[in-house]
Amino acid sequence: MDETRLTDAGTGAAHANDGFLRIAAATPKIRVGDVAGNAAAVLECVDAATRAGARVLVLPELCLTGYTCGDLFHDRALLRSCEAALKGLLEDTADTPLLFCVGLPVAHRESLYNCVAVCCAGELLGLTVKSHLPNYGEFYEQRWFAPAPMNGVGFVPFAGRGAVPLMADVVYACSDPGLENVRIGVEVCEDLWVPNPPSVGMALNDGATVILNASASSEVVGKSGYRRSLVCGQSARLYCAYAYANAGEGESTTDLVFSGENLIAENGALVARTPLFSCDMAVADVDLEKLVAERRRSNTWRAGEWNVGHSFTVNFSFMGAAQAASAENALGACGVDWDAAPVDVDAAASAGDEGEAPAADDSHAACPAPLTAKRAELLLNSALDVLRPAPRAPFVPAEGESRAERCEEILHLQAAGLKTRLAHTFTTHAVIGLSGGLDSTLALLVTVRAFDALGLPRTGIHAVSMPGFGTTSRTKSNAERLAEQLGVDFRTIAIGEAVRAHFADIGHDPEVADVTYENAQARERTQVLMDLANEVGGFVIGTGDLSELALGWATYNADHMSMYGVNAGVPKTLVRHLVAHEADELGGEAADILRDVLATPVSPELLPPTGDGEIAQRTEDLVGPYELHDFFLYHMMRFGFAPGKIYRMACRTFAEPAGEGAPAYEPATILYWLRTFYRRFFAQQFKRSCLPDGPKVGSVSVSPRGDWRMPSDASAALWLEEIDGLA
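Going along each chain's sequence as written, the residues are numbered from 1 onward. The predicted nature of this model means local features are confined to residues of pLDDT at least 70 and side-chain atom pairs, given and counted, to a pLDDT of 80 or more, with totals for whole chains, interfaces and linings taken over all residues. Hydrogens are left out, water is left out, and the side-chain values use all remaining heavy atoms of the structure.

### Some details on helix α15 (residues 572-586)
How we decide: In this description a helix means any DSSP run of H or I spanning at least four residues, a strand means any run of E spanning at least two, and both kinds are numbered starting from the N terminus. Multiplying 1.5 Å by the helix residue count minus one yields the expected span of that helix. Classification of residues uses two cut-offs on accessible area relative to the type maximum, computed with a 1.4 Å probe and protein chains only: under 20% is buried, over 50% is exposed, and between them is partly exposed.
A rise of 1.5 Å per residue sets the reference length of α15, with its 15 residues, at 21 Å; its end C-alpha atoms lie 21 Å apart and thus fit the reference within 8%. Among all positions in α15, only K572, T573, L574, V575, L578, V579, H581, E582 and A583 are buried. Trailing α15 by a residue or two, G587 shows a phi angle of about 65°, which is positive.

### Let's talk about helix α18 (residues 626-639)
With 14 residues, α18 extends 19 Å from end C-alpha to end C-alpha; this agrees with the ideal 20 Å at 1.5 Å per step. α18 sits mainly inside the fold: 14 of its 14 residues count as buried. One or two positions beyond α18, positive phi appears at G640, with a value near 70°.

### Digging into the sheet that holds strand β18 (residues 489-492)
How we decide: Strands pair, by our definition, only if DSSP identifies at least two bridges between them. Should any heavy atoms of two residues lie within 4.5 Å, those residues are considered in contact. For helices, the fitted line uses only the C-alpha atoms of the stretch in contact; every axis is such a line through C-alpha atoms, and the angle between N-to-C directions lies from 0 to 180 degrees.
Across the sheet, which stays open at both edges, the five strands sit in the order β18-β17-β16-β19-β20 with parallel pairing between neighbours. A single partner strand is all that each edge strand has here, and the edge strands are β18 and β20 (564-565). Alignment of strand β16 (residues 430-433) against strand β17 (residues 461-465), held across four bridges, turns out to be parallel. Within β17, the position partnered with I432 by the bridge is A463. Seen against the sheet, helix α10 (residues 438-454) touches β16, β17 and β19 (539-542) and runs at an angle of roughly 165° to β16. Packed onto the sheet, helix α13 (residues 515-536) meets β16, β17, β18 and β19 and runs at close to 160° relative to β16.

### Regarding the packing of α18 against helix α20 (residues 667-683)
Heads up, the condition is: Should an angle lie under 35 degrees it is considered roughly parallel, over 145 roughly antiparallel, and from 65 to 115 roughly perpendicular; all remaining angles are considered oblique. Each crossing gets its hand from how the near helix is turned against the far one by less than a right angle, where anticlockwise is left-handed and clockwise is right-handed. Under this grouping Gly is polar, as are all residues other than the nonpolar Ala, Val, Leu, Ile, Met, Phe, Trp, Tyr, Cys and Pro and the charged Asp, Glu, Lys and Arg.
The interhelical angle for the contact between α18 and α20, taken along N-to-C directions, is 60°, at an axis separation of 10 Å. It follows from the interaxial angle that α18 and α20 lie oblique. In this structure, the crossing between α18 and α20 has a hand that is right-handed. Here L628, H629, F632, L633, M636 and M637 of α18 lie close against α20, whose contacting residues are I670, W673, L674, F677, Y678 and F681. Of the residues that constitute the contact of α18 with α20, the class distribution is 11 nonpolar, one polar and no charged.

### Structural notes on the sheet that holds strand β8 (residues 170-174)
Pairing is mixed in the open sheet, where seven strands are placed in the order β13-β12-β11-β10-β9-β8-β15. The strands lining the two open edges of the sheet, one partner per strand, are β13 (269-273) and β15 (312-316). Between one strand axis and the next, the sheet turns through 20° on average, direction left out of account. Its contacts with the sheet place helix α3 (residues 198-206) against β8, β9 (183-188), β10 (210-215) and β15, and it is angled at close to 165° to β9.

### What to know about the side chain of D18
Defined as follows: Here a polar contact is taken to be a pair of N or O atoms separated by no more than 3.5 Å, where protein atoms must pair a possible hydrogen donor with a possible acceptor and residues adjacent in sequence count only if both atoms sit in side chains.
In this fold, D18 is placed in the segment before β1 (20-25). Polar contacts involving the side chain of D18 include one to the side chain of R648, which spans 2.8 Å.

### Brief notes about the environment of D707
Structurally, D707 can be placed in the loop between α21 (685-688) and α22 (717-726). We classify D707 as partly exposed; its relative accessible area is 33%. Distance in space between the C-alpha atoms of D707 and K696 is 9.3 Å, their sequence separation being 11 residues. When near neighbours in sequence (up to four residues on either side) are disregarded, D707 contacts K696, S699 and S701. Side-chain polar atoms of D707 contact the side chain of K696, separated by 2.6 Å.

### So, the state of the cysteines
The following threshold applies: Criterion for a disulfide: a pair of cysteine sulfur atoms at a distance within 2.5 Å.
Under the definition given, this model contains zero disulfides. Of all cysteine sulfurs, the one in C69 lies closest to C82, which takes part in no disulfide; the gap is 7.8 Å. Residue classification places C82 among the buried positions, given a relative accessible area of 0%. Looking at C174, it has no disulfide partner, and the nearest cysteine sulfur is the one in C120, 7.6 Å off.

Written out as structure tokens, the structure is:
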């Protein structure tokens, strides 16, 4: 086999506790009744999946015989041949760290069962029996098979192995260190299509995180879309990964056609799919840690609250029982810590056929065969290697038609929240500090939508430019021109003299451009807005976004405060796309202004401009790139990932430049800003504890009244210590 190799953590290699697992679903090309030939085709799929780095493979229903054997299922020669073929497959895969499922008929006493043999590293772990036998339309399974008994058949010897479970509702749980979330349930075709699939009990009772479905679903017009919806829906309902392998080429076409469509879904999202009639293999990396995190977040995920029957658990090792035992002995004899960092793969690869450690490593020279500690650890960790990069901008809708639709949905959500607040308070005026920057521009666009929805004149929107010591002509001009294009009231109220008077009052030297110099301007602007709101009988619209709130990049009791914060649920990376979407929608001069706003560096403009009048204070130079911070924020808050996992994911995701000039980031740069993120996130919670109202628009929110309740004095030491260890 070609082993998936780990690299240094700095390149983003997965660690055992990162929770990724590579799954494959494949369709072998078979011949009906040719058991030996079909077994060879199965072995080819096993080899292909292993070369692809998969650790779990599901194959179609009854693929050793063909689903369309009809009355041949009763033939003893066919049944004996299946058992012998499975025995051969187990022998051929004894050194393969892959759990694979192969469908075959199994006779026991007076009954014949439609089964899936679950195999791993030469071990037959169990025979999962199909529970629900379709006997309608083109299906006639009850002619040949018996359904799984309510309490299972029991344990039977099969394929030259000792007694194995012959029953439905079996969960196969990995016992290898670091892979505790690998818990696999198996369904057979129709089991998914019934009102209460067996996978419900497997997930609730025994924590199955992966469901495999060995299927022979015939193809008719429109069925593939419904099949995909079932797979995705079940993976969403159970917070699981669901891999579905369908019968294809070689099945009898006397009355039916099988397309060989293979699917892999994760929590409602289809992450891999093969084209109809291709008989290709679908391969995907799924994040089991994320799925378990989703279950923990949902307080309705409680096994005790549901009457879902009973499941039986079978433990397994990707190395097989015999090899696992020798590996454990080897590890103990060599003094190797199972939880240590991944081995040096180059050194491990340079070892001999028996895996002896390099001669220079005297501490490992006496490790016993057949499996040394280094090879064991390499094998176990490679089961969680991952090639799937996370989206670079997890808050941003994917490219294509759906992006415009999603942007419209978000803008409607923001406007609907403000519209309700305006109507409830009988308010016909709103005041916005319009700086010519991204956030205040989006807030103005949302406010215009809310006023339009209420039938209020846009002149009730008061956009205020408040030039201070750092305001540039570019931003001031864009603010004024945009207000004119949108038909809102615009006024300029310079704050320079008021701030200088305040400096005199408190004894601050105006030549010292420190935090007092900056924050005095921010608080003066907020006072102007609040007092103007009283003057016109309206209220102040907050402009700060989710990313700024997470980092605490706001002046306390200044831009931090408002009467309704329309951007509170929108991260900076998404703000950009919403403004760009509005530019496309508005067109004309308004679009030109919005695109220049997008091209303007993000800045609070509190320090004097450069000699040529350009912005001198760039936010991302001070707190870090927002695309990194939004990446950190999403995975930390949405799934509770630890800093180490987020770092390794970021190293993979940002290793290469993206479109639109988005740069790549070195691991050291990512680590630096990750530490900044955690330090600021913990230190600035006090600002989030007293946020104004604002609408939640996505799955992440820092509202202290809703999604995020954290003490303001929580220590960041644990998280920062882990980050420092990554260095």
